[in-house]
Amino acid sequence: MSTNTLLILPGDGIGPEVMAEVRKVINWFGENRGLKFDVSEDLVGGAAYDAHGVPLHDDTMARAQEVDAVLLGAVGGPKYDDLDFSVKPERGLLRLRKEMDLYSNLRPAQCFDALADFSSLKKDIVAGLDIMILRELTSGVYFGEPRGIFEEGNERVGINTQRYTESEIERAARSAFELAMRRGKKVCSMEKANVMESGILWREVTTRVAKDYPEVELSHMYADNGAMQLVRAPKQFDVIFTDNLFGDILSDCAAMLTGSLGMLPSASLGAPMANGRPKALYEPVHGSAPDITGQGKANPIACVLSFAMALRYSFDQGDEATRLEQAIEAVLAKGLRTGDLLGAEGGTPISTSEMGDAIVTALQESLE
Ligand code: IPM
Ligand code: MG
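Note that the coordinates shown come from a computational prediction; the quantities given were computed from them, not determined experimentally. (Residues numbered from 1 in each chain as written. Chains lettered and ligands numbered in written order. Predicted model: local features only at pLDDT ≥ 70, side-chain atom pairs only at ≥ 80, totals over all residues. Heavy atoms only, no water.)

A.B. asks: For this particular structure, what's the right way to read the domain arrangement of the protein?
C.D. replies: Size of an interface: often given as the accessible area lost when the parts come together. By domain assignment, the protein separates into domain 1 (1-111 + 260-368) and domain 2 (120-258). Counting from both sides, the interface comprises 22 residues of domain 1 and, opposite them, 26 residues of domain 2. Roughly 2,200 Å² is buried in total at the junction of domain 1 and domain 2, and carbon and sulfur atoms are behind 59% of that figure. Contact with domain 2 buries area across many residues of domain 1, yet Y103, R107 and C111 alone supply 29% of it, more than any other trio. Viewed at the interface, domain 2 and domain 1 are joined by one salt bridge. The closest approach of N and O atoms between R171 and D101, which form a salt bridge, is 2.9 Å. Applying the counting criterion to the domain 1 and domain 2 interface returns nine residue pairs in polar contact (both at pLDDT 80 or more). (Domains from an automatic or database assignment. Contact = heavy atoms within 4.5 Å. Buried area = accessible area lost by both parts, 1.4 Å probe. Salt bridge = Lys/Arg side-chain N within 4 Å of Asp/Glu carboxyl O. Polar contact = N/O pair within 3.5 Å; in protein donor to acceptor, adjacent residues only side chain to side chain.)

Here it is as structure tokens:
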């Protein structure tokens, strides 16, 4: 039995609350499925700033580089809004992504049957929806130089640079095609090749990489049209492959199609380490939700599903990941809902910890 190392960074806001529920799930797999995890915990974001004056301590960064997987809750909150840009909570997360070189960000948008009524779109447009956005995560306008606010004549100018090398596009494109091979074998690449040179190169490189995956059908779309198509007819997509900034926006849009941001996990993967596992960080798509922090109202499902992604992509436990995902579907099918999952018709919400317990119960039932 091999040991799996996991670094938990609960972060800010509801991060610690949802992570406490993930801990229950991790323990269940240790006790019942022989999956032992060596878990350590540390600070990130505002919590790290409060303790160390930086949103990510160098020691934490070094630990993140050594473990099999990092599981992060959420960062940020109004308390930190006025901090200098360089120490804002978000910088801790961006540092992890950049220094671990987590270039492929997987953001599934899946519509759970029990929640299809929840979407702001008509039920038949979203029922059964299952798409995966592959967002390039370590380059593009988030990191390109030059950047900054500069004096120019008698005013200031704010500058950010969209920059992509061929190799950066290529490695992320390969992840997109590899994923598509294990799914519906379709990739739709989104850029703005009509107005941006980086988009022209993106399209060229992606088309070249596609030649190595003859079974996968590649299409291209301008990102603005992509946004429209996502809302018009989202089920036309399997894997959407896009850059850092478009991916940020399109993934929020796709998330909302499913009815609840509180349900969506994500994985950020880099190159394989010496043990063959990819560098990896898993986190829910939702933020720190300061408005409900500390009230036991948060939905832990996105964070638990992020652990399911860790089981699948870092620990080669696809069957156990599916077991966990099915346990969550079973909980929803029983009608159990945290407050964010109660529609207009209302009902009685269960608490964060009751949801965690219900997931563990459903896992136990999966063995019977
Ligand atoms: C996301 C978030 C981050 C991003 C922020 C918190 C830096 O919006 O993960 O989508 O812009 O990438
Ligand atoms: Mg975002």
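A.B. asks: Got a minute to help me understand the UniProt feature "site: Important for catalysis" (unreviewed entry) in the protein in this structure?
C.D. replies: When the UniProt feature table is mapped onto this chain, "site: Important for catalysis" (unreviewed entry) is found at Y142 and K192. Structurally, the position occupied by Y142 is in the loop between β5 (130-136) and β6 (144-152). Residue contacts for Y142: discarding those within four places in its chain leaves L94, R135, R147, N244, L245 and D248. Separated by 3.3 Å, the side chains of Y142 and R135 make a polar contact. Structurally, K192 can be placed in the loop between β8 (186-191) and α7 (197-210). Residue contacts for K192: discarding those within four places in its chain leaves G199, Y222, A223, D224 and F246. (UniProt positions renumbered as here; feature names shortened; annotations may be inferred. Helix = DSSP H or I, 4+ residues; strand = E, 2+ residues; numbered from the N terminus.)

A.B. asks: What is the right way to look at the site of ligand 1 in this model?
C.D. replies: Taken together, E90, R97, R107, R135, Y142 and D248 form the complete shell of residues around ligand 1. A distance of 2.7 Å separates an oxygen atom of ligand 1 from a polar side-chain atom of R97. The fraction of the free accessible surface of ligand 1 (320 Å²) that becomes covered by protein chains is 72%. Classifying every residue of the shell around ligand 1 by side-chain character gives one nonpolar, no polar and five charged. For the shell around ligand 1, the domains that each give at least three residues are domain 1 (1-111 + 260-368) and domain 2 (120-258). (Near = heavy atom within 4 Å. Areas by Shrake-Rupley, 256 points an atom, 1.4 Å probe, with all protein chains shown as cover. Nonpolar A, V, L, I, M, F, W, Y, C, P; charged D, E, K, R; others polar.)

A.B. asks: Teacher, can you tell me more about the side chain of S288 here?
C.D. replies: Structurally, S288 can be placed in the loop between β12 (278-284) and α10 (301-313). Separated by 2.8 Å, the side chain of S288 and the backbone oxygen of G76 make a polar contact. Residues within four places of S288 in sequence aside, it is in contact with D12, G13, I14, A74, V75, G76, G77 and T293.

A.B. asks: How should I be thinking about unusual backbone geometry in this particular structure?
C.D. replies: Residues apart from glycine generally show negative phi values, whereas peptide bonds are mostly found in trans. The omega torsion across E145 and P146 is 0°, close enough to zero to call that bond cis. Here P146 shows up in strand β6. Phi angles above zero are rare outside glycine, and D101 is one such case at about 55°. Counting through the fold element by element, D101 comes out in the loop between α4 (89-99) and β4 (104-110). You can call D101 partly exposed: its relative accessible area is 30%. Positive phi is not limited to glycine here, since D316 has a value of about 55°. With respect to the element layout, D316 can be found in the loop between α10 and α11 (318-333). (Buried < 20%, exposed > 50% of the residue type's maximum accessible area, 1.4 Å probe, protein only.)

A.B. asks: When you look at the packing of α10 against α11 in this model, what are you seeing that I'm missing?
C.D. replies: Angle between the axes and distance between the axes are the two parameters that describe a pair of packed helices. One way to put it is that α10 packs onto α11 with a least axis distance of 7 Å and a crossing angle of 160°. When the axes of α10 and α11 are compared, the pair comes out roughly antiparallel. Our pair here, α10 against α11, has a crossing hand that is left-handed. Of the residues in α11, those in contact with I301, V304, L305, F307, A308, L311 and R312 of α10 are G318, E320, A321, T322, L324, E325, I328 and L332. Residues that form the contact of α10 with α11 fall into these classes: 10 nonpolar, two polar and three charged. (Axes fitted to C-alpha atoms, helices over the stretch in contact; angles between N-to-C directions. Parallel < 35°, antiparallel > 145°, perpendicular 65-115°, else oblique. Left-handed = near helix turned anticlockwise from the far one by under 90°.)

A.B. asks: Could you clarify how one ought to interpret helix α12 (residues 352-365) in this entry?
C.D. replies: Since the α-helix advances by 3.6 residues per turn, residues separated by three or four positions end up pointing in the same direction. Compared with an ideal rise of 1.5 Å per residue, which puts 14 residues at 20 Å, α12 spans 20 Å between its outermost C-alpha atoms and is within 8% of the ideal. Within α12, the full set of buried residues consists of T352, M355, G356, A358, I359, A362 and L363. Within α12, the buried residues cover an arc of 160° as seen down the axis, which keeps them to one side. Lining the buried residues of α12 we find α1 (15-32), α10 and α11. (Expected span 1.5 Å × (residues − 1). Arc of directions from axis to C-beta.)

A.B. asks: Explain the packing of aromatic side chains to me, please; I cannot follow it from the model alone.
C.D. replies: To describe a pair of aromatic rings, you give the distance between the ring centres and the angle between the ring planes. Applying the stated rule across the entire model yields seven aromatic pairs. Here the aromatic cluster, defined as three or more aromatic residues joined through ring pairs, consists of W28, F29, F37, F307 and F315. Across from the ring centre of F143, 4.7 Å away, lies the NZ or CZ of K98, which sits over that ring. Here R135 stacks its cationic end above the ring of Y142, 5.3 Å away from the centre of that ring. (Phe/Tyr/Trp six-rings, centres within 6.5 Å; stacked < 30°, edge-to-face > 60°. Lys NZ or Arg CZ within 6 Å of the ring centre and 35° of its normal.)

A.B. asks: Can you help me understand the sheet that holds β12 in this one?
C.D. replies: In a beta sheet, neighbouring strands pair by backbone hydrogen bonds and run either parallel or antiparallel. In spatial order, the strands read β2-β1-β3-β12-β11-β4-β5-β10-β8-β9; together these 10 strands make up an open sheet with mixed pairing. This sheet does not close on itself; its edge strands, each paired only once, are β2 (37-41) and β9 (217-222). On average, adjacent strands in this sheet sit at an angle of 20° to one another, irrespective of strand direction. Where β4 meets β5, seven bridges bridge the pair, whose relative direction is antiparallel. Within β5, the residue paired with P108 across the bridge is M132. The sheet contacts of helix α9 (residues 244-257) involve β4, β5, β8 and β10 (239-242), and relative to β5 the element is tilted by about 155°. Contacting β1 (4-11), β2, β3 (69-74), β4, β5, β11 (265-272) and β12, α10 crosses the sheet at an angle of about 165° to β12. (Pairing = 2+ DSSP bridges.)

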